[in-house]
Amino acid sequence: APSTYPSFPGLSLDIPEVLKEDDRPKWDNKFQYILSCVGFAVGLGNVWRFPYLCQIYGGGAFLIPYVIALVFEGIPLFHLELAIGQRMRKGSIGVWNTISPYFGGVGIMLLHNYCSHSAWEMRYCLHFTLDSLVILVILFFSGHIEECHESTAVNYFWYRRALNISSDITDSGNLQWWLVLCLAICWSIVYICTIRGIESTGKAIYVTAIFPYLVLTIFLIRGLTLPGATEGLVYLFTPNLNILKNPRVWLDAATQIFFSLSLAFGGLIAFSSYNSPKNDCEKDAVTIAIVNSMTSLYASIPIFSILGFKGTTGYWDCLDRNIISIINEFDLQDQSIMRDNYTIWLEFLNTTHPKKITSLKLRSCDLQEFLDASGTGLAFIVFTEAIILMPGSQGWAVLFFVMLFSLGLSSMFGNIEGILTPLLELRVVSKSVPKEVLSGAICLVSFVTALCFTLRSGSYWLEVFDSYAGSLPLLIIAFFEVTGVVYVYGIKRFSDDVKWMTGRQPNFYWQVSWRIISPLLMLTVFIAFVTLQTQKQPSYGAWNPKYVCRPIFLIHLFSKKIVTIFSYLPMFQN
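Residues numbered from 1 in each chain as written. Predicted model: local features only at pLDDT ≥ 70, side-chain atom pairs only at ≥ 80, totals over all residues. Heavy atoms only, no water.

We count it as follows: UniProt positions are given in the numbering used here, feature names are shortened, and annotations may be inferred rather than shown by experiment.
Per an unreviewed UniProt entry, the protein goes by Transporter and derives from Chelydra serpentina. For the record of the protein, the UniProt heading Subcellular location (unreviewed entry) holds the text "Membrane".

Okay, here's the thing in structure tokens:
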């Protein structure tokens, strides 16, 4: 009888034989697969980077370029990765060697990108772990330290006690034993959960993927009941449309999609390769992408409600200090000046006693300024300070810690699977070597690689990697992915594959996105990214006890070389 599978002349892969393989692991059920993809895609970027970008780019105004990038860049690429992984039933390297031997380097780029990211993503997990531990320490801290007094208690404990950070990146310092211990514990937990590939991560994902939603819901309910929550939400959803004139907004929205959906990492290809060949990957792609984006918005609501509480508390504290100063200076009765009539009193006294008011050096109290005072530490320092102000702060700190750790852990499952699957298929090690040993070797190598982030300068290295060595390789890999499938493998052949799997021919939206919009959008983002990077000196923020983010330009040339090496190394490997 003739084969019912489409033939691919010139390709090395015999699809019918692959589909008949019985020894390839499979997901226990569809829900387990969806949870694994959601857990891999939903990570720290949803809780930290997305709210931060919303804050600095006009609140709701950022949602406009984000949705456009999601529709024409994120979802089409997400569908493409799930489809090729499910159809070929191989990891990243096997898939791209199948499409064309000339595109085997894309698979190597994916694997290299994964090895690099798995090391410093685990450092992020450690970063958040220590952040929450710092909360617990501060809750019981007392005493006066000058460096702490010049900054804030949270900043001091984070930079000086937890990280023991150096003055700049050239001062590497020694390995911090407590950081090494925390990193070892984190990687040990990852190894236990990934010891048998999807056979073990599929069980752990039920906890690590669902638990963060439970905690976010608890924070949402508690945050909405705090005073000032309304101001925080108004700040989030009030759009400043003038900010859309800034090209950086559109660039950051496009790059955020890659981090948010975990595109061009290879994990999605690995996960979908364990699906049934007849699975509806189109519905999966749309569902998971929408769930991921809604999670970003859902996480922003409790964060901004709690930050609204912090901003309002700081605003009230500012007013109370000024009120006390005025009452003492003019010998007024207690409670004669209240928060609601403070402005009236201040205007009156400014008119009648301007010199006295000037001599008091009253602080300017503006609620908007307190809401703006978050910066890059939105989910690190500032959110920590907000939790400390909440009643029962110890319990909230523990919840916050476990939630962030779960997010990092579920993302790491995809990281490890993205490395393990290609290695098993390439047979770089003997079949007699148990999968447990190979998983342990991957975790051990990643742990050793991440040790550079446990130095006193480790936080600076993390910032350099995150700022300069993350976005560009993802853009390059994703661009070659879509152009390879559309123009080398062939859009008609790929469309036939999708129809064979889903029973539907890809509609006009998918066709025009894969052929034109997605490649053109990524090429535009790439050019804009390189242009913006060449217009400024590479720098990073260094610890300053006076609460100032001080750029360091002394190592400008040195950091520029580092940026060049780590950004373009995958291309050289290809």
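After that view, the rundown keeps rolling.
**Some points on the UniProt feature "binding site: Na(+)" (unreviewed entry) in the protein**
Quick note on the threshold: Any residue under 20% of the maximum accessible area for its type is buried, any over 50% is exposed, and the rest in between are partly exposed; the area is computed with a 1.4 Å probe on protein chains only. A run of H or I in DSSP counts as a helix once it spans at least four residues, and a run of E counts as a strand once it spans at least two, with each numbered from the N terminus. Whether two residues are in contact is decided by their heavy atoms: any pair within 4.5 Å suffices.
Within the UniProt annotation, "binding site: Na(+)" (unreviewed entry) is assigned to Gly 39, Ala 41, Val 42, Asn 46, Ser 260, Asn 292, Leu 407 and Ser 411. On the basis of their most widely separated C-alpha atoms, the annotated residues across 373 residues gather in one place, lying no more than 12.7 Å apart. Residue class for Gly 39 comes out buried when judged on its relative accessible area of 3%. Note on placement: Leu 407 falls in helix H19 (residues 393-426). Here Leu 407 is in contact with Val 42, Gly 43, Leu 44, Val 47 and Pro 212, once residues within four sequence places are set aside.

**Notes on the confidence of the model for the protein**
As a note on interpretation, predicted positions should not be read in detail where pLDDT is low. Rule in force here: Along the chain, pLDDT gives the predictor's confidence residue by residue, from 0 to 100.
Per-residue confidence for the protein gives a mean pLDDT of 78, with 79% of residues at or over 70. With pLDDT under 50 throughout, residues 107-121 is counted as low confidence; its partners more than four residues away or in other chains account for 60 contacts.

**Thoughts on helix H4 (residues 63-88)**
Selection rule: Given a helix with a known number of residues, its expected span is that number minus one, times 1.5 Å. At every residue, the bend is computed as the angle between two fitted axes, covering the seven residues ending there and the seven beginning there respectively.
Taking 1.5 Å per residue, 26 residues should reach 38 Å; H4 reaches 35 Å between its end C-alpha atoms and fits that length. The largest bend in H4 comes to about 45°, at Leu 70. Burial of H4 is extensive: 20 of the 26 residues sit out of reach of the surface. Downstream of H4 by one or two residues, Arg 89 has phi in the positive range, about 55°.

**Observations regarding the state of the cysteines**
Disulfides are covalent bonds that connect the sulfur atoms of two cysteines. Stated formally: Disulfide assignment relies on a single distance test, namely cysteine sulfur atoms paired within 2.5 Å.
One pass over the structure, following the stated rule, counts one disulfide. A sulfur-sulfur separation of 1.9 Å characterises the disulfide bridge that pairs Cys 318 with Cys 365. With the S-S dihedral at roughly -85°, the linkage between Cys 318 and Cys 365 falls on the left-handed side. Linking Cys 318 in helix H14 (residues 281-330) with Cys 365 in the loop between helix H16 (354-360) and helix H17 (367-372), this pair joins segments that are 47 residues apart in sequence. The pair Cys 318 / Cys 365 is uniform in exposure class, with both members buried. Unpaired in terms of disulfides, Cys 193 finds its nearest cysteine sulfur in Cys 443, a separation of 9.8 Å.

**Digging into the pattern of salt bridges**
Our working definition: In what follows, salt bridge is the name for a side-chain nitrogen of Lys or Arg lying within 4 Å of a carboxyl oxygen of Asp or Glu.
A full pass over the atoms with the stated rule returns 12 salt bridges. Residue Lys 30 pairs with Asp 284 through a salt bridge whose shortest N-O separation is 3.1 Å. Of this pair, Lys 30 sits in helix H2 (residues 30-41) while Asp 284 sits in helix H14, and the two are 254 residues apart along the sequence. The salt bridge partner of Lys 435 is Glu 199, with a shortest N-O separation of 3.8 Å. Highlighted residues: Lys 435 in helix H20 (residues 435-449) and Glu 199 in helix H10 (residues 198-224), separated in sequence by 236 residues. Residue Glu 199 is classed as partly exposed on the basis of its relative accessible area of 35%. What emerges from the salt-bridge pattern is a single network uniting Arg 196, Glu 199, Lys 435 and Glu 436.

**Some words on unusual backbone geometry**
Although it is not a glycine, Arg 89 sits at a positive phi angle of roughly 55°. Note that Arg 89 resides in the loop between H4 and helix H5 (92-99). Note on Arg 89: relative accessible area 3%, which makes it buried. Of note in the backbone geometry, Gln 335 takes a positive phi value of approximately 65° without being a glycine. With respect to the helices, strands and loops of the structure, Gln 335 is situated in the loop between H14 and helix H15 (342-352).

**Re the environment of Leu 404**
Residue position: Leu 404 is located in helix H19. Distance from Leu 404 to Val 215, taken between C-alpha atoms, is 9.7 Å for residues 189 residues apart in sequence.

**Quick word on the packing of helix H22 (residues 471-502) against helix H23 (residues 508-534)**
Counted only if it meets this: Interaxial angles span 0 to 180 degrees and are taken between N-to-C directions of axes, which are lines fitted to C-alpha atoms, for helices over the stretch in contact. With respect to orientation, any angle under 35 degrees is reported as roughly parallel, any angle over 145 as roughly antiparallel, any angle of 65 to 115 as roughly perpendicular, and every other angle as oblique. Take the far helix as the reference: if the near one is turned anticlockwise from it by less than a right angle, the crossing is left-handed, and if turned clockwise, right-handed.
Contact geometry for H22 and H23: axes closest at 10 Å, N-to-C directions at 160°. Between H22 and H23, the angle falls in the class roughly antiparallel. Where H22 crosses over H23, the two elements pack in a sense that is left-handed.

**So, the nonpolar core**
Threshold: To define a nonpolar core, start from buried Ala, Val, Leu, Ile, Met, Phe, Trp, Tyr and Cys residues and group those joined through side-chain atoms within 4.5 Å.
Counting residues in hydrophobic clusters, the biggest one holds 92 residues, and the most contacted among them are Phe 62, Phe 78, Ile 84, Phe 258, Leu 263 and Phe 494. It is H22 that contributes the most residues to this core, 15 residues altogether. Ignoring any residue separated from it by four or fewer positions in sequence, one finds Phe 494 in contact with Leu 80, Ala 83, Ile 84, Val 485, Tyr 489 and Trp 514. Within the second largest apolar cluster, 37 residues are counted, among which are Leu 163, Leu 409, Tyr 460 and Ala 542.

**What about the packing of helix H9 (residues 177-194) against H20?**
In the contact formed by H9 and H20, the axes pass within 10 Å of each other and the chain directions differ by 155°. Between H9 and H20, the interaxial angle falls into the category roughly antiparallel. With respect to the hand of their crossing, H9 and H20 are arranged in right-handed fashion. Contacts from Val 180, Leu 183, Ala 184, Trp 187, Val 190, Tyr 191 and Thr 194 of H9 reach H20 at Glu 436, Ser 439, Gly 440, Cys 443, Ser 446 and Phe 447.

**A short note on the side chain of Ser 36**
Looking at where Ser 36 falls in the secondary structure, it is placed in helix H2. On the accessibility criterion, Ser 36 (3% relative accessible area) is buried. Contact partners of Ser 36, with chain neighbours within four places excluded, come to Trp 27, Ile 205 and Phe 271.

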